[in-house]
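# Tertiary structure, described
Given next are the chains, with one letter for each unit.
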Amino acid sequence: MALVNDLLAEIDSRDPVQKLLLVSQDVLGVYRIIGLFPPMRTEVHLFWAVIALVSGWLGTSVEGLTVVVLAHELAHGYTHIGADIDRVTWDTDAFINAEKGLIEGLAQHYTHLVCQALEFRFPEALAAYQALLPRQPPPYQTQKQWEKVHSKEMIRLALLTTRRRMQTTLAEFMKNLNQAEQDLT
Ligand SMILES: [Zn+2]
């Protein structure tokens, strides 16, 4: 118990959210793939007690942070099994083996778009996204650079290209993104 109290005191004394997210990145929620072969199943879990704790630390509403975490986990599902118009999805092996900065950056990008789309109806979501983002580890911030330079449609095209080619690295995605910029301008 003393150790737990010491740990909590230590966490509280620095930037608690940043510390917590460094320990485990699946601490707020998780997108799970169950079984590699059909009938493969996917699940989203939200960890409400941690969401409540972190929202208090961030000074955002519990509901706002819940929307951010839910949008992030659903965005993993969207990028993985959301079919394009040719019914092509992301090969599950390639998705699982993809670089963290690619998978998380894409989930973060679509989370950001959801929060922006909700801004007038539910501004707490964007506020929570913006409060959480600077405290998240680097793989959760790769999208910031893409969003600065590239349009949403360019990012979408690069996502489709990357997953059709079963590519797994951030470098390959960036190449596809630069190509998408040339193709769409
Ligand atoms: Zn994630």
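Throughout what follows, the structure given in this document is the object of discussion.

Rules and cut-offs
- Residues numbered from 1 in each chain as written.
- Predicted model: local features only at pLDDT ≥ 70, side-chain atom pairs only at ≥ 80, totals over all residues.
- Heavy atoms only, no water.
- Helix = DSSP H or I, 4+ residues; strand = E, 2+ residues; numbered from the N terminus.
- Buried < 20%, exposed > 50% of the residue type's maximum accessible area, 1.4 Å probe, protein only.
- Contact = heavy atoms within 4.5 Å.
- Polar contact = N/O pair within 3.5 Å; in protein donor to acceptor, adjacent residues only side chain to side chain.
- Donors = N, O, S within 2.8 Å, 3.2 Å for Na, K, Ca; no water.
- Core = buried A, V, L, I, M, F, W, Y, C linked by side-chain atoms within 4.5 Å.
- 1 Å grid on protein atoms, 1.4 Å probe; cavity = no way out; pocket = protein on both sides within 12 Å on 5 of 7 lines; lining within 4 Å.
- Points joined across faces, edges and corners; volume = space filled by probe spheres on them.
- Nonpolar A, V, L, I, M, F, W, Y, C, P; charged D, E, K, R; others polar.

Here the focus is the environment of arginine 32. Within the fold, arginine 32 resides in strand β1 (residues 29-34). You can call arginine 32 partly exposed: its relative accessible area is 39%. Sequence separation between arginine 32 and glycine 77 is 45 residues, and the spatial gap between their C-alpha atoms is 9.1 Å. Once you skip the residues sitting within four places of it in the chain, arginine 32 turns out to touch Arg41, Thr42, Glu43, His45 and Phe47. A polar side-chain atom of arginine 32 sits 3.4 Å from a polar atom in the side chain of histidine 45.

Let us look at the coordination of the zinc ion. Listed as protein donors to the zinc ion are His72 (NE2), His76 (NE2) and Glu104 (OE); their distances from the metal cover 2.1 Å. Between the donor residues of the zinc ion, the gaps in sequence give the motif H-x3-H-x27-E. Placement of the pair is histidine 72 in helix α4 (residues 62-81) and glutamate 104 in helix α6 (residues 100-117), with a sequence separation of 32 residues. Each member of the pair, histidine 72 as well as glutamate 104, carries the same accessibility label: buried.

This part is about the nonpolar core. Core analysis: the largest hydrophobic core is formed by 21 residues, its most contacted members being Leu28, Val54, Leu58, Leu65, Val68 and Leu132. Where this core is concerned, the elements lending two or more residues are α2 (16-23), α3 (48-58), α4 and α7 (123-132). The residues touching valine 68, leaving out its near neighbours within four places in the chain, are Thr111, Cys115, Ala125, Ala128, Tyr129 and Leu132. In terms of nonpolar packing, the next biggest core, distinct from the first, is built from 20 residues, Leu102, Ile103, Met154 and Phe173 among them.

Take histidine 109: it is sitting in helix α6. What makes histidine 109 buried here is its relative accessible area of 2%. Side chain to side chain, histidine 109 and glutamate 147 meet in a polar contact 2.8 Å long. Apart from residues no more than four positions distant in its own chain, histidine 109 is found in contact with Gln143, Glu147 and Ile155.

Next up on the list: the environment of leucine 28. With respect to the helices and strands, leucine 28 occurs in the loop between α2 and β1. Given a relative accessible area of 7%, leucine 28 falls into the buried group. When the C-alpha positions of leucine 28 and proline 123 are compared, they lie 20 Å apart, and in sequence the two are 95 residues distant. Those residues in contact with leucine 28, other than ones at most four positions away along the chain, are Leu21, Leu46, Phe47, Val50, Ile51, Val54, Val69 and Leu132.

Our next topic: the layout of surface pockets. If you add up the space inside the largest pocket, you get close to 400 Å³. Looking at the largest pocket, it is lined by 24 residues, and the ones nearest its centre are Asp26, His72, His76, Glu104 and Tyr140. Broken down by element, the residue count for the lining of the largest pocket peaks at five residues, all from α4. Class assignment of the residues belonging to the lining of the largest pocket gives a composition of 14 nonpolar, six polar and four charged. The volume enclosed by the second largest pocket comes to roughly 170 Å³. Contributing to the lining of the second largest pocket are Leu157, Thr161, Arg165, Gln167, Glu172, Lys175, Asn176, Gln179, Ala180 and Asp183. At the level of secondary structure, the elements contributing two or more residues to the lining of the second largest pocket comprise α9 (152-164) and α10 (170-184).

Quick look at unusual backbone geometry now. Of note, the phi angle at arginine 87 is positive, near 70°, even though the residue is not glycine. Located in the positive-phi region is methionine 166, a residue other than glycine, with phi close to 55°. Residue classification places methionine 166 among the partly exposed positions, given a relative accessible area of 48%.

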